[in-house]
Amino acid sequence: MSVSDTERDSRGMMRTGLTYLCISLFCAWFGAMYEQFSHGVFSYYMIYAFAFPLAGGALPFFLLAFRDGRTPGRLSLHFYHSGIAALTVGSIFQGVLEIYGTSNPLTHVYWIVGWSFVLCGIVGFMIGRRRKFAVSKKKEKATCTDILNIDASQHENREV
């Protein structure tokens, strides 16, 4: 991996972290405004909806931006982003229903799907790291063998 690839990956993770930070700020503002106009009724789901994009989005991606190493693959990122989005929307939806004074049994789907997608994203990242590590080890062995073969062929050419 070249230096420019590392810088690009770092910038991408930083950009993603900033995006999650902006989403978190929007969710905090939205929760405050919704509570302001709800005539004194509030919901903890609505108040703390900002925590999912902050703790699950901004913090991990800022950490990924500042460490040297591999970044998550596209599929694991899609799963992870979808999971954080499902958890955030589910929290806001649950808060709206609580403020309205009703409930819906289908809100559990947001939590199940959200945590499942987050878990799939994390597992995909870990499997991808292990697989890339094994492939890089095989490439190192192959290049060492290739170097030895090249040296042997050069030595044979010198004798002739």
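Shown above is the structure to which this text applies.
Let me begin by describing the structure that accompanies this report. (Residues numbered from 1 in each chain as written. Predicted model: local features only at pLDDT ≥ 70, side-chain atom pairs only at ≥ 80, totals over all residues. Heavy atoms only, no water.)

Looking now at the overall build of the protein. Across its full length, the protein carries five helices and zero strands. Starting at the N terminus and walking to the C terminus, you meet the elements of the protein as α-α-α-α-α. Out of the 160 residues belonging to the protein, those deemed buried represent 27%. Relative to all contacts within the protein whose residues are 6 or more apart in sequence, the contacts with residues 24 or more apart total 79%. (Helix = DSSP H or I, 4+ residues; strand = E, 2+ residues; numbered from the N terminus. Buried < 20%, exposed > 50% of the residue type's maximum accessible area, 1.4 Å probe, protein only. Contact = heavy atoms within 4.5 Å.)

Turning our eyes to something else, we now look at helix α4 (residues 74-100). In a regular helix each residue adds 1.5 Å, so 27 residues correspond to 39 Å; α4 covers 39 Å between its end C-alpha atoms and thus fits that length. Positioned one or two residues after α4, G101 has a phi angle of 100°, which is positive. (Expected span 1.5 Å × (residues − 1).)

Our next topic: the environment of Y48. With respect to the helices, strands and loops of the structure, Y48 is situated in the loop between α2 (44-47) and α3 (51-66). Counting along the chain gives 40 residues from Y48 to T88, while the straight-line C-alpha distance between them is 9.3 Å.

Mapped onto the elements, T107 comes out in helix α5 (residues 107-159). A residue is classified by how much of its surface remains accessible, and T107, at 2% relative accessible area, is buried. A polar contact is formed between the side chain of T107 and the backbone oxygen of N104, at a distance of 2.9 Å. When residues no more than four places from it in sequence are discounted, the contact partners of T107 are F93, Q94 and L97. (Polar contact = N/O pair within 3.5 Å; in protein donor to acceptor, adjacent residues only side chain to side chain.)

This part is about α3. Here α3 spans 21 Å end to end across 16 residues, near enough to the 22 Å set by a 1.5 Å rise per residue. Those residues of α3 not exposed but buried are F52, P53, G56, G57, A58, F61, L64 and A65.

Attention now moves to unusual backbone geometry. If you check the backbone angles, H39 has positive phi at about 60° while not being a glycine. Within the element layout of this structure, H39 appears in the loop between α1 (3-36) and α2. Taking the relative accessible area as the measure of exposure, H39 reaches 76% and is therefore exposed.

For the rest of this paragraph, the subject is the packing of aromatic side chains. Under the definition given, this model contains 13 aromatic pairs. Consider the rings of Y45 and W111, whose centres lie 5.9 Å apart with planes at 40°: the pair is tilted. Residue Y45 is located in helix α2, and its partner W111 is located in helix α5; the two are separated by 66 residues in the primary sequence. We classify Y45 as partly exposed; its relative accessible area is 34%. For W111, a relative accessible area of 18% corresponds to the buried category. Ring pairs connect the aromatic residues F26, W29, F30 and Y34, which therefore count as one cluster. (Phe/Tyr/Trp six-rings, centres within 6.5 Å; stacked < 30°, edge-to-face > 60°.)

At a minimum axis separation of 8 Å, α3 and α4 run at an interaxial angle of 155°. Here α3 is positioned roughly antiparallel relative to α4, judged by the angle of their axes. Residue-level contacts link F52, P53, G56, P60 and F61 of α3 to L77, Y80, H81, I84, L87, T88 and S91 of α4. Broken down by class, the residue content of the contact of α3 with α4 amounts to eight nonpolar, four polar and no charged. (Axes fitted to C-alpha atoms, helices over the stretch in contact; angles between N-to-C directions. Parallel < 35°, antiparallel > 145°, perpendicular 65-115°, else oblique. Nonpolar A, V, L, I, M, F, W, Y, C, P; charged D, E, K, R; others polar.)

A few words now on a nonpolar patch on the surface. Taken together, the side chains of F26, W29, M33 and F37 make up a nonpolar region of the molecular surface, amounting to roughly 480 Å² of accessible area. Here F26 is to be found in helix α1. (Patch = residues over 30% accessible without salt bridge, like charges linked within 9 Å, V, L, I, M, F, W, Y side chains within 5 Å. Areas by Shrake-Rupley, 256 points an atom, 1.4 Å probe, with all protein chains shown as cover. Salt bridge = Lys/Arg side-chain N within 4 Å of Asp/Glu carboxyl O.)

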